[in-house]
Amino acid sequence: QVQLVESGGGLVQPGGSLRLSCAASGRIFSINDMGWYRQAPGKQRELVATITNTGSTNYAESVEGRFTISRDNAKKMVYLQMNSLKPEDTAVYYCNVDARSNLFSPPIGYWGQGTQVTVSS
(Lines give C-alpha, C1' and ligand atoms only; values in the text may rest on other atoms or scores of the structure.)
Protein backbone atom coordinates (compact mmCIF):
# COMPACT_ATOMS: atom_id res chain seq x y z
CA GLN A 1 0.00 0.00 0.00
CA VAL A 2 1.11 3.53 -0.80
CA GLN A 3 0.35 6.58 1.31
CA LEU A 4 0.43 10.16 0.04
CA VAL A 5 0.58 13.14 2.36
CA GLU A 6 0.07 16.63 0.97
CA SER A 7 1.03 19.88 2.65
CA GLY A 8 1.38 23.56 1.88
CA GLY A 9 -2.20 24.65 1.28
CA GLY A 10 -3.74 27.70 2.88
CA LEU A 11 -5.25 31.13 2.38
CA VAL A 12 -3.47 33.56 0.08
CA GLN A 13 -4.36 36.88 -1.51
CA PRO A 14 -4.78 37.20 -5.28
CA GLY A 15 -1.39 37.53 -6.92
CA GLY A 16 0.29 35.58 -4.14
CA SER A 17 2.16 32.29 -4.17
CA LEU A 18 1.97 28.90 -2.50
CA ARG A 19 4.04 25.75 -2.76
CA LEU A 20 2.36 22.39 -2.35
CA SER A 21 4.30 19.26 -1.42
CA CYS A 22 3.34 15.60 -1.57
CA ALA A 23 5.33 12.80 0.04
CA ALA A 24 4.86 9.19 -1.02
CA SER A 25 5.62 6.34 1.37
CA GLY A 26 4.89 2.67 1.85
CA ARG A 27 5.51 -0.32 -0.37
CA ILE A 28 6.98 1.38 -3.43
CA PHE A 29 9.17 -0.33 -6.01
CA SER A 30 9.01 2.48 -8.54
CA ILE A 31 6.99 5.58 -9.36
CA ASN A 32 5.91 6.51 -12.86
CA ASP A 33 3.84 9.65 -13.37
CA MET A 34 3.13 12.07 -10.53
CA GLY A 35 0.62 14.87 -10.68
CA TRP A 36 -1.69 17.38 -9.12
CA TYR A 37 -5.44 17.65 -9.60
CA ARG A 38 -7.97 20.01 -8.08
CA GLN A 39 -11.66 20.09 -7.33
CA ALA A 40 -13.62 23.27 -6.72
CA PRO A 41 -17.04 23.21 -5.01
CA GLY A 42 -19.71 21.97 -7.37
CA LYS A 43 -17.19 21.06 -10.08
CA GLN A 44 -15.51 17.89 -11.26
CA ARG A 45 -11.93 17.08 -10.36
CA GLU A 46 -9.59 18.39 -13.05
CA LEU A 47 -5.97 17.92 -13.99
CA VAL A 48 -3.60 20.70 -12.98
CA ALA A 49 -0.18 19.32 -13.90
CA THR A 50 1.66 16.04 -14.36
CA ILE A 51 5.31 15.04 -14.53
CA THR A 52 6.79 11.79 -15.80
CA ASN A 53 9.68 9.93 -14.19
CA THR A 54 11.96 11.44 -16.82
CA GLY A 55 10.82 14.98 -16.07
CA SER A 56 8.41 15.70 -18.91
CA THR A 57 5.62 17.99 -17.78
CA ASN A 58 2.07 18.73 -18.82
CA TYR A 59 -0.11 21.60 -17.61
CA ALA A 60 -3.72 22.61 -17.79
CA GLU A 61 -4.10 25.64 -20.01
CA SER A 62 -5.53 27.65 -17.11
CA VAL A 63 -2.31 27.36 -15.06
CA GLU A 64 0.31 27.33 -17.84
CA GLY A 65 2.99 29.91 -17.10
CA ARG A 66 1.91 30.38 -13.49
CA PHE A 67 2.35 26.93 -11.94
CA THR A 68 5.43 24.73 -11.99
CA ILE A 69 5.46 21.03 -11.14
CA SER A 70 8.65 19.29 -10.05
CA ARG A 71 9.68 16.07 -8.36
CA ASP A 72 12.46 14.61 -6.26
CA ASN A 73 12.73 10.93 -7.13
CA ALA A 74 15.12 10.12 -4.29
CA LYS A 75 12.73 11.56 -1.73
CA LYS A 76 9.61 10.29 -3.53
CA MET A 77 8.12 13.77 -3.51
CA VAL A 78 6.27 15.97 -5.96
CA TYR A 79 5.84 19.71 -5.68
CA LEU A 80 3.59 22.36 -7.18
CA GLN A 81 4.81 25.94 -7.14
CA MET A 82 1.84 28.21 -7.68
CA ASN A 83 2.44 31.86 -8.55
CA SER A 84 0.13 34.71 -9.56
CA LEU A 85 -2.75 32.94 -7.88
CA LYS A 86 -6.30 33.89 -8.84
CA PRO A 87 -9.59 33.43 -6.99
CA GLU A 88 -10.56 30.81 -9.57
CA ASP A 89 -7.62 28.69 -8.39
CA THR A 90 -9.51 28.11 -5.14
CA ALA A 91 -10.03 24.36 -4.74
CA VAL A 92 -8.96 21.26 -2.90
CA TYR A 93 -5.71 20.10 -4.48
CA TYR A 94 -4.99 16.39 -4.69
CA CYS A 95 -1.70 14.61 -5.29
CA ASN A 96 -1.78 11.59 -7.60
CA VAL A 97 0.96 9.01 -8.05
CA ASP A 98 1.24 5.95 -10.30
CA ALA A 99 3.37 3.46 -8.41
CA ARG A 100 4.44 -0.17 -8.60
CA SER A 101 4.76 -2.21 -5.43
CA ASN A 102 7.13 -4.72 -7.06
CA LEU A 103 8.80 -5.47 -10.39
CA PHE A 104 5.90 -7.62 -11.65
CA SER A 105 2.91 -5.56 -10.55
CA PRO A 106 1.23 -3.03 -12.82
CA PRO A 107 1.27 0.63 -11.82
CA ILE A 108 -1.66 1.68 -9.63
CA GLY A 109 -2.91 5.21 -9.16
CA TYR A 110 -3.00 6.51 -5.60
CA TRP A 111 -4.57 9.70 -4.26
CA GLY A 112 -3.72 11.92 -1.34
CA GLN A 113 -6.31 13.27 1.06
CA GLY A 114 -6.25 16.74 -0.46
CA THR A 115 -5.17 20.16 0.75
CA GLN A 116 -7.31 23.29 0.59
CA VAL A 117 -6.10 26.30 -1.36
CA THR A 118 -8.15 29.47 -0.98
CA VAL A 119 -7.33 32.61 -2.96
CA SER A 120 -9.20 35.58 -1.57
CA SER A 121 -8.67 39.15 -0.46
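One can find the structure itself at the top, above this paragraph.
Notes on the structure follow.

So, how was this worked out
- Residues numbered from 1 in each chain as written.
- Predicted model: local features only at pLDDT ≥ 70, side-chain atom pairs only at ≥ 80, totals over all residues.
- Heavy atoms only, no water.
- Pairing = 2+ DSSP bridges.
- Helix = DSSP H or I, 4+ residues; strand = E, 2+ residues; numbered from the N terminus.
- Axes fitted to C-alpha atoms, helices over the stretch in contact; angles between N-to-C directions.
- Buried < 20%, exposed > 50% of the residue type's maximum accessible area, 1.4 Å probe, protein only.
- Polar contact = N/O pair within 3.5 Å; in protein donor to acceptor, adjacent residues only side chain to side chain.
- Contact = heavy atoms within 4.5 Å.

### A look at the sheet that holds strand β3 (residues 18-26)
Read across the open sheet, the four strands follow the order β1-β3-β8-β7; overall the sheet is antiparallel. Edge positions in the sheet fall to β1 (2-7) and β7 (67-72), since each has one partner strand and no second. If you compare each strand with its neighbour and ignore which way they point, the axes differ by 15° on average. Bridge count between β7 and strand β8 (residues 77-82): six bridges; the pairing is antiparallel. The residue of β8 that forms the bridge with T68 is Q81.

### Regarding the side chain of R38
Structurally, R38 can be placed in strand β4 (residues 30-39). On the accessibility criterion, R38 (5% relative accessible area) is buried. Engagement of the side chain of R38 in a polar contact is seen with the side chain of S62, the distance being 3.4 Å. Here the side chain of R38 touches Y93 through a polar contact of 2.9 Å, side chain to side chain. Leave out the neighbours within four places in its chain, and R38 touches Q44, R45, E46, V48, S62, V63, F67, E88, D89, A91, V92 and Y93.

### What to know about unusual backbone geometry
Phi at K76 takes a positive value of approximately 55°, unusual for a residue other than glycine. Note that K76 resides in the loop between β7 and β8. Backbone geometry places S84, a non-glycine residue, at a positive phi of 50°. Structurally, S84 is set in the loop between β8 and β9 (91-100). Classification of S84 by relative accessible area gives partly exposed; the value is 41%.

Don't take any of this as a statement about function, it's just geometry.
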